[in-house]
Amino acid sequence: MTHGVQPTWPCITSYFFPIGRERAEGSVPLDLSREPKENLQEILENIVKQDGISSVCKLCHLNNFVKLLCSVGIAEDKLGFTYEEIIICLRLTLLNEAREVRVAGLQSFRYLIRDSNVLGKVLLLQVDYLIARFIDIQKNDSERTQALRLARKMISVNALLFPSSVTNSLIAVGNNGKQAHDQMTRACIAIICELSFKNPVLVAQRGGLSTILRNVTSCQLSRINEALMTTILHLLNHPHTRQYIRVDVELEQILAPYTDFHYQNPAEERPKEERDDQFTASKMSLVASFCSWSGIINLCKSGNSGIQSLIGLLCIPNMEVRKGLLEVLFEIFQLTLPRASADFHEALTSTDSGRFKDNWRLSDGFVASEAKTVLPQRSGSRPDLMDNYLALLLSAFIKTGLFEALVDVITSSTDVISIWATILLGELLHMANTILPHSQSHHLYCLPSLVNMAACCDYPPEKRLRASAAVNDLKDFHQRKKRGIKPTSLFLDHILRTAVESQGCKDTHSKTPKDIVIIKDYEDSLLSLVRDSHVLSHRETMDWNWHHIETILKWPHVSLRGNELMHKFVQRLVFFYKPSLQLYSDLEVEHPKGRQLTVVGCQFVEFLLASEEDGQMYLEDLVRDIVHYLFFSAGHKDQLSSRLLVTLSQNYFLFLGILSAHPHGVRLLEKGRVFQCLLGLCSLQHQEHLLKLTVSALDYSRDGLARVLLSKILTAASDKIGDYVSKHSFSFYFEITAESTQVTPDVWLDRRGGKGV
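Residues numbered from 1 in each chain as written. Predicted model: local features only at pLDDT ≥ 70, side-chain atom pairs only at ≥ 80, totals over all residues. Heavy atoms only, no water.

(A) Examining the overall build of the chain more closely. Check the secondary structure of the chain and you find 43 helices and 0 strands. Considering only contacts in the chain between residues 6 or more positions apart, those separated by 24 or more positions represent 70%. When the accessible surface of the chain is summed, it comes to about 36,800 Å², and 51% of that surface belongs to carbon and sulfur atoms. (Helix = DSSP H or I, 4+ residues; strand = E, 2+ residues; numbered from the N terminus. Contact = heavy atoms within 4.5 Å. Areas by Shrake-Rupley, 256 points an atom, 1.4 Å probe, with all protein chains shown as cover.)

Quick look at the structure:
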């Protein structure tokens with residue numbers, strides 16, 4: 001026996017027999033110090049014996065055969081037997097009555113086949129028919145599993161020698177396995193796809209490509225569906241394999257759930273769930289096809305193409321098919337599917353990419369995630385390749401008559417389908433105006449068929465009403481697009497406004513009127529607003545008229561000097577926003593008036609900044625209280641991070657950010673030691689929320705402590721915060737603002753040890 005630690009080899013004896021029984025029957029040791037020929041002769045003699053040997057002993061000898069191959073290799077001169085002799089002996093194990101011996105025999109063949117020479121001799125001795133038999137029989141999963149693993153090994157060794165007998169069995173299971181609830185169906189289809197890449201001729205001759213396409217329309221798992229379609233599209237992409245796919249027949253099978261109302265079974269005999277599953281699978285395969293050049297070329301070619309079939313189906317008054325096709329079009333053009341609603345504005349609002357999402361919360365991606373969704377991609381050096389791709393698709397669909405088909409859907413469908421078609425038409429018109437050349441899009445905007453239907457009395461009243469409503473809805477849609485996407489987060493809104501102001505586009509207030517009578521009217525109106533705001537007369541702050549307060553703070557050139565009423569007004573607002581008094585700071589983030597109160601707070605800070613010396617006293621008092629609340633409150637620091645997640649106190653960083661964008665405000669922050677306190681947080685653990693708020697609020701457009709703070713956070717904070725800061729900084733301050741920070745991407749990566757984002 002050999003000494004020392006021996007390597008471990010795959011052994012399936014313990015899988016079939018408990019340890020106690022194996023010992024009772026007697027295990028068979030393998031002495032690797034003997035000549036390999038002697039060991040192999042003993043193994044082969046025992047596995048071919050018909051009598052006088054138990055199944056357990058045969059199983060042990062087959063495991064020893066695997067160990068021997070792993071130890072000495074498969075060279076004939078080392079083993080002392082020819083491959084034919086070994087294969088003939090092993091072949092008998094595949095006919096043994098014991099299931100465990102057959103499984104071990106399949107495993108032994110898998111370890112023996114390591115090159116084309118051995119594989120050729122295995123096929124010459126017709127072992128492949130026994131392998132095919134194992135795949136066909138559905139009773140024993142362990143045998144089928146080993147047979148499928150052996151089939152994959154044969155593909156990896158030399159796919160060109162792969163036997164047609166095994167191919168036929170794989171295709172048979174792929175075609176009928178789903179009806180028989182065969183658990184190996186997907187595994188067989190996966191092997192067919194693998195074989196299609198390496199030996200497409202064999203798969204095509206045996207009908208394997210049709211098997212793949214047939215399973216595409218019955219698979220609702222997106223990744224599997226896409227993998228099946230990718231196999232077909234890969235073959236279409238190469239001239240020497242393209243000939244094996246009948247494009248007009250086989251590829252258009254993916255359209256069958258839409259184009260064939262009696263697909264597989266008559267529509268009335270199929271349950272709704274089954275029809276929905278088929279629509280879903282077909283949608284996935286269509287979207288995958290339009291994501292590849294080979295799919296686009298074949299589906300959009302002139303003549304009776306797939307795209308013409310899709311658009312032609314929109315004109316058939318079948319609401320189920322129309323709904324499915326609209327979902328496909330929304331997916332192809334990467335548009336958000338509207339909510340199913342009979343109200344146009346509700347459905348349109350549901351598609352707004354600026355709506356709040358869960359990953360925009362402070363505990364998740366915060367401003368960086370929102371900006372990635374809301375802001376358009378900015379690239380001055382090259383065109384957007386996605387725009388080129390969408391322009392090609394849009395041009396192909398327009399030339400095939402998509403807009404006319406959508407007009408037909410709008411005027412002859414149910415409310416929900418009609419609204420979906422209107423929104424899709426508006427999105428595609430906007431896309432055409434944005435990314436298509438003028439020569440391709442200038443004639444689209446009149447939509448003569450829709451306008452004519454809305455204005456002409458020759459059409460039925462119902463169609464005229466729907467056409468007229470669609471025209472009005474498209475007008476509202478156009479106005480919404482002109483307004484653009486507004487940020488949901490006040491932090492992102494502050495960043496964008498600061499960027500615009502840093503580029504010299506800051507709005508200026510109108511000049512104060514010179515006429516004494518007009519000045520008197522201005523003062524009277526201001527005093528009336530102050531009284532009507534109830535700030536001076538009501539103790540309950542939620543009873544104040546915050547719309548009036550907002551108007552007062554935006555009033556042009558209001559002076560605090562000598563104005564006692566305005567001083568009292570400002571004092572009450574400072575009283576409300578001071579965190580130590582727990583009025584504003586304790587309100588929940590989801591408070592109905594939370595956004596309005598925060599907007600007024602930001603305007604209040606800007607109002608005090610504009611008041612210069614008269615407002616500085618109040619501003620210093622407010623900043624002092626905020627700093628004490630955020631950094632020095634006894635017994636409060638441990639709870640602050642969790643409170644920032646759920647209360648409006650997180651917006652105090654927004655107030656500090658507004659101050660950091662003005663030279664006078666920066667001096668106030670330095671005087672209040674705000675930057676020093678924030679620098680102290682950079683190296684502390686479990687302060688991610690504070691640092692996120694800091695990075696998202698401060699202004700870095702000029703040299704100063706804000707840039708020093710950003711550099712410290714990038715280099716000293718945890719990896720999680722560093723990743724967030726890099727995404728935030730790259731999205732905004734390296735692109736939007738006029739000047740970038742002093743910490744460039746290369747410097748940051750060097751300081752962080754070369755870690756990427």
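Still to come is the rest of the account.
(B) Up close: helix α12 (residues 185-198). If you check α12, its first and last C-alpha atoms are 20 Å apart, about what 14 residues at 1.5 Å a residue would give, namely 20 Å. Those residues of α12 not exposed but buried are Thr185, Cys188, Ile189, Ile191, Ile192, Cys193, Leu195 and Ser196. The secondary structure elements touched by the buried residues of α12 are α9 (127-136), α10 (141-158), α11 (164-176), α13 (200-205), α14 (208-216) and α15 (222-236). (Expected span 1.5 Å × (residues − 1). Buried < 20%, exposed > 50% of the residue type's maximum accessible area, 1.4 Å probe, protein only.)

(C) How the structure looks around the confidence of the model for the chain. With 82% of its residues at a pLDDT of at least 70, the chain reaches an overall mean of 81. When mean pLDDT is compared element by element in the chain, helix α8 (residues 116-124) scores highest at 95, while helix α2 (residues 19-25) scores lowest at 39. Overall, residues 505-519 carries pLDDT values under 50, and its contacts beyond four positions in sequence, including any with other chains, amount to 12 contacts. Under a pLDDT of 50 for its full length, residues 730-757 has, in the predicted model, 66 contacts with residues more than four places off or in other chains. (pLDDT = per-residue confidence, 0-100.)

(D) Summary view of the packing of aromatic side chains. Tallying each qualifying case throughout the model produces 16 aromatic pairs. Between phenylalanine 290 and phenylalanine 397, the ring centres sit 5.6 Å apart and the planes meet at 40°, which makes this aromatic pair tilted. Taken together, the residues span a long stretch of sequence, with phenylalanine 290 in helix α18 (residues 272-290) and phenylalanine 397 in helix α24 (residues 385-399) at a distance of 107 residues. Comparing phenylalanine 290 with phenylalanine 397 shows no difference in burial state: the two are buried. Centre to centre, the rings of phenylalanine 576 and tyrosine 577 are 4.8 Å apart; their planes meet at 80°, and the pair counts as edge-to-face. Pairwise contacts between aromatic rings join Trp544, Trp546, Phe576, Tyr577, Tyr584, Phe604, Tyr629, Tyr652 and Phe655 into one cluster. (Phe/Tyr/Trp six-rings, centres within 6.5 Å; stacked < 30°, edge-to-face > 60°.)

(E) Quick look at the pattern of salt bridges. Going through the model one piece at a time under the given rule, you end up with 21 salt bridges. In this structure, lysine 121 engages glutamate 76 in a salt bridge whose closest nitrogen and oxygen atoms are separated by 3.9 Å. With lysine 121 in helix α8 and glutamate 76 in helix α5 (residues 76-79), this pair connects stretches of sequence that are 45 residues apart. For lysine 121, a relative accessible area of 18% gives the class buried. A salt bridge links lysine 554 to glutamate 550; the nearest nitrogen and oxygen atoms lie 3.9 Å apart. Overall, the relative accessible area of 48% leaves lysine 554 in the partly exposed class. Beyond isolated ion pairs, a larger network of salt bridges with shared partners links Arg34, Glu38 and Glu42. (Salt bridge = Lys/Arg side-chain N within 4 Å of Asp/Glu carboxyl O.)

(F) Fine view of the nonpolar core. Of all hydrophobic cores here, the largest spans 132 residues; its most connected members are Phe333 and Leu402. Per element, the largest residue contribution to this core is 12 residues, and it comes from helix α26 (residues 415-435). Once you skip the residues sitting within four places of it in the chain, leucine 402 turns out to touch Ile311, Leu314, Leu329, Phe333, Phe397 and Leu428. Counting residues in hydrophobic clusters, the runner-up holds 77 residues, among them Leu553, Val574, Val600 and Phe653. (Core = buried A, V, L, I, M, F, W, Y, C linked by side-chain atoms within 4.5 Å.)

(G) Main features of the side chain of asparagine 46. Within the secondary structure layout, asparagine 46 lies in helix α3 (residues 36-47). Its relative accessible area of 14% is what places asparagine 46 among the buried residues. Residues within four places of asparagine 46 in sequence aside, it is in contact with Ile53, Lys58 and His61.

(H) Seen up close, unusual backbone geometry. For histidine 534, which is not glycine, the phi dihedral falls at a positive 65°. Mapped onto the fold, histidine 534 is located in the loop between α31 (516-532) and α32 (546-553). Of note, arginine 673 is a non-glycine position whose phi angle comes to about 60°, a positive value. In this fold, arginine 673 is placed in the loop between α38 (663-671) and α39 (674-681). Accessibility expressed as a relative area gives 47% for arginine 673, which makes it partly exposed.

(I) Focus on the packing of α24 against α26. Two elements in contact, α24 and α26, have axes whose closest approach is 10 Å; the angle formed by their N-to-C orientations is 120°. Taken together, the axis directions place α24 and α26 in an arrangement best described as oblique. Here the hand of the crossing between α24 and α26 comes out left-handed. Listed contacts from α26 to Asp387, Leu390, Ala391 and Leu394 of α24 are Leu428, Met431, Ala432 and Ile435. Of the residues belonging to the contact of α24 with α26, the class tally is 7 nonpolar, no polar and 1 charged. (Axes fitted to C-alpha atoms, helices over the stretch in contact; angles between N-to-C directions. Parallel < 35°, antiparallel > 145°, perpendicular 65-115°, else oblique. Left-handed = near helix turned anticlockwise from the far one by under 90°. Nonpolar A, V, L, I, M, F, W, Y, C, P; charged D, E, K, R; others polar.)

(J) Quick peek at the packing of helix α25 (residues 402-411) against α26. Between α25 and α26, the shortest axis-to-axis distance is 8 Å and the interhelical angle comes to 150°. The angle between α25 and α26 places the two elements in the roughly antiparallel class. With respect to the hand of their crossing, α25 and α26 are arranged in left-handed fashion. Judged by residue contacts, Leu402, Phe403, Leu406, Val407, Val409 and Ile410 of α25 engage Ile417, Ser418, Ala421, Thr422, Leu424, Leu425, Leu428 and Leu429 from α26. Looking at the contact of α25 with α26, its residues break down into 12 nonpolar, 2 polar and no charged.

(K) Geometry of helix α4 (residues 55-72). Here α4 spans 26 Å end to end across 18 residues, near enough to the 26 Å set by a 1.5 Å rise per residue. For α4, the buried fraction is high: 13 of the 18 residues fall into the buried class. A positive backbone phi angle near 90° is found at glycine 73, which sits one or two residues after α4.

(L) Structural view of the side chain of serine 413. Tracing the sequence through the fold places serine 413 in the loop between α25 and α26. Of note is the side chain of serine 413, whose polar atom sits 2.7 Å from the backbone oxygen of valine 409. (Polar contact = N/O pair within 3.5 Å; in protein donor to acceptor, adjacent residues only side chain to side chain.)

(M) Layout of the environment of leucine 299. Among the secondary structure elements, leucine 299 is positioned in helix α19 (residues 293-299). Between the alpha carbons of leucine 299 and glutamate 252 there is a distance of 8.3 Å; along the sequence they are 47 residues apart.

(N) Fine view of a nonpolar patch on the surface. Taken together, the side chains of Trp293, Ile297 and Leu392 define a hydrophobic patch exposed on the protein surface, amounting to about 340 Å² of accessible area. One can find isoleucine 297 in helix α19. (Patch = residues over 30% accessible without salt bridge, like charges linked within 9 Å, V, L, I, M, F, W, Y side chains within 5 Å.)

(O) Seen up close, the state of the cysteines. Counted under the stated rule, the structure contains 0 disulfides. Left unpaired, cysteine 60 is separated from the closest cysteine sulfur, that of cysteine 57, by 6.2 Å. (Disulfide = S-S within 2.5 Å.)

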